[in-house]
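Below are the chains, spelled out letter by letter.
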Amino acid sequence: MLNAVLSVAELTGQQATHVSSHPQFAPALRLRAPVWSAFIAMQTAARADAVELALASAFRDFDRQLAIWNRKYYGHAPLYDEHGQLLLTEQLSSAERVAAIMTWSALPGASRHHWGTDCDVYDPRWFSKHQQPLQLVAAEYQSGGPCYDAALWLQQHAGDFGFHFPYAHYQGGVAAEPWHLSFTKLAEPCAAQLTTELLEQLITASELAAKDYVLAQLTELKQRYIDSACAPGDAGEVV
Ligand SMILES: [Zn+2]
């Protein structure tokens with residue numbers, strides 16, 4: 001159902017009953033049914049304008065987000081500042097590590113990718129031709145980058161298909177992500193449903209690295225990294 005409210009387990013990525021894969025896409029990619037329809041309509045329109053759109057990432061569950069978080073916190077995966085500059089994890093305090101993680105990766109339970117409404121979009125042609133992996137970095141979406149045309153097209157047209165850019169600009173929280181699209185009509189109720197209390201319960205019961213720090217700072221972290229998403233209609237600018 002289009003506007004059905006998600007269960008808490010679905011909202012926080014602990015259950016995947018709200019998402020499904022699509023026969024035209026890799027089975028690992030899962031979204032909610034109306035989001036699939038909107039994405040495919042957008043992909044068809046882009047193709048008519050000689051722009052190819054593909055999904056790099058769609059639904060992601062809690063355990064996957066937790067693994068990303070813990071790997072980054074313990075230095076098993078790199079940390080970057082808001083400009084994409086590599087940081088030296090072992091020189092950072094707990095608070096600094098959490099800030100660096102949350103600049104690029106969501107708190108488990110609070111990822112928009114849990115909702116089945118959000119996806120990371122790219123133009124696959126250059127990457128398949130050169131057999132290079134997509135890195136999801138700003139340079140790929142800027143002038144001269146392989147996803148530049150797609151970024152320009154999406155800024156102009158994504159809104160027509162019901163999508164917006166929650167990370168259009170860096171505002172002191174999450175870094176700018178020109179690849180991240182959110183299906184507005186279904187995502188907005190999820191954002192409203194995600195309360196601090198709900199996250200507190202979830203994190204308390206989890207194996208999250210820096211759990212005590214995150215719980216103590218949860219109100220501030222939620223304001224800075226979760227509630228600060230850019231509003232629909234703000235597409236940012238491609239440079
Ligand atoms: Zn994303």
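Whatever comes next refers back to the structure up there.
Since the model is a prediction, treat every value here as computed from it, not as a measurement. (Residues numbered from 1 in each chain as written. Predicted model: local features only at pLDDT ≥ 70, side-chain atom pairs only at ≥ 80, totals over all residues.)

**What to know about the overall build of the protein**
Of the regular secondary structure elements, the protein holds 11 helices and six strands. Radius of gyration (C-alpha) of the protein: 17 Å, near the 18 Å computed for a compact globule of 239 residues. Among the 239 residues that make up the protein, the fraction classed as buried is 38%. Taking contacts inside the protein between residues at least 6 apart in sequence as the whole, the part at least 24 apart equals 69%. (Helix = DSSP H or I, 4+ residues; strand = E, 2+ residues; numbered from the N terminus. Rg over C-alpha atoms; globule rule 2.2 N^0.38 Å. Buried ≥ 20, exposed ≤ 12 C-beta atoms within 10 Å, placed from the backbone. Contact = placed C-beta atoms within 7 Å.)

**Quick notes on the sheet that holds strand 6 (residues 180–183)**
An order of 1-4-6-5 is seen for the four strands of this open sheet, with the pairing classed as antiparallel. A strand with exactly one partner marks an edge of an open sheet, and here the two such strands are strand 1 (54–57) and strand 5 (163–164). Pairing of strand 5 with strand 6 involves two bridges; the strand directions are antiparallel. Bridge pairing links His164 to Ser182 in strand 6. Most of the contacts of helix 8 (residues 184–193) go to strand 6, to which it runs at about 85°, and overall it touches strand 4 (118–122), strand 5 and strand 6. (Pairing = 2+ DSSP bridges. Axes fitted to C-alpha atoms, helices over the stretch in contact; angles between N-to-C directions.)

**Thoughts on the environment of Leu199**
By the element assignment, Leu199 lies in helix 9 (residues 196–204). When the 22 C-beta atoms within 10 Å are taken as the criterion, Leu199 is described as buried. In this structure the C-alpha to C-alpha distance between Leu199 and Asp120, which are 79 residues apart in sequence, comes to 24 Å. Leu199 has contacts with Gly109, Ala110, Leu194, Leu218 and Lys222, leaving out every residue within four places of it along the chain.

**A few points about the nonpolar core**
Ranked by size, the top nonpolar core spans 62 residues in total, and within it Leu31 and Val121 carry the most contacts. If you tally residues by element for this core, the top one is helix 2 (residues 33–48), at six residues. Those residues within four positions of Leu31 in sequence are excluded, and the remaining contacts are Val19, Trp36, Phe39, Ala58, Phe59, Gly116 and Cys119. (Core = buried A, V, L, I, M, F, W, Y, C linked by C-beta atoms within 7 Å.)

**Side note on the packing of helix 9 against helix 11 (residues 218–226)**
At a minimum axis distance of 10 Å, the contact between helix 9 and helix 11 shows a crossing angle of 115°. Once helix 9 is placed against helix 11, the crossing between them reads as right-handed. Facing helix 9, whose interface residues are Thr196, Leu199 and Glu200, helix 11 presents Leu218, Thr219 and Lys222. For the contact of helix 9 with helix 11, a count of residues per class yields two nonpolar, two polar and two charged. (Left-handed = near helix turned anticlockwise from the far one by under 90°. Nonpolar A, V, L, I, M, F, W, Y, C, P; charged D, E, K, R; others polar.)

**Some thoughts on the pairing of strand 6**
Side chains His180 and Ser182 project from strand 6 onto one buried face, and the interleaved Leu181 and Phe183 project onto a second face that is buried too. Pairing of strand 4 with strand 6, which is carried by three bridges, proceeds in the antiparallel orientation. Bridge assignment links Asp120 to a residue of strand 6, and that residue is His180.

**Focus: helix 11**
All buried positions along helix 11 are accounted for by Leu221, Tyr225 and Ile226. The buried residues of helix 11 occupy an angular sector of 80° when the element is viewed end-on, so they sit on one face. Among the exposed residues of helix 11, those oriented more than 90 degrees off its buried face are Thr219, Glu220 and Gln223. Tucked inside the fold, the buried residues of helix 11 contact helix 4 (94–104) and helix 10 (211–216). (Arc of directions from axis to C-beta.)

**Notes on helix 8**
When we look at burial in helix 8, the residues that qualify are Leu186, Ala187 and Cys190. Within helix 8, the buried residues cover an arc of 95° as seen down the axis, which keeps them to one side. The elements touched by buried residues of helix 8 are helix 1 (8–11), helix 2, strand 4 and strand 6.

**So, the environment of Cys230**
Structurally, Cys230 is set in the segment after helix 11. The spacing of Cys230 and Ala176 is 54 residues in sequence and 10.0 Å in space, taken between C-alpha atoms. If we skip the residues at most four places from it in the chain, Cys230 touches Phe165, Pro166, Tyr167, Ala168 and His169.

**Looking at unusual backbone geometry**
Despite not being glycine, Ala50 shows a phi value in the positive range, around 65°. Positive phi, close to 55°, is recorded for Leu136, a residue that is not glycine. Position of Leu136 relative to the elements: it lies in the loop between helix 5 (125–130) and helix 6 (138–141). Of the residues examined, Leu136 has 17 C-beta atoms within 10 Å and is grouped as partly exposed.

All quantities given are derived from atomic positions and should not be read as evidence of function.
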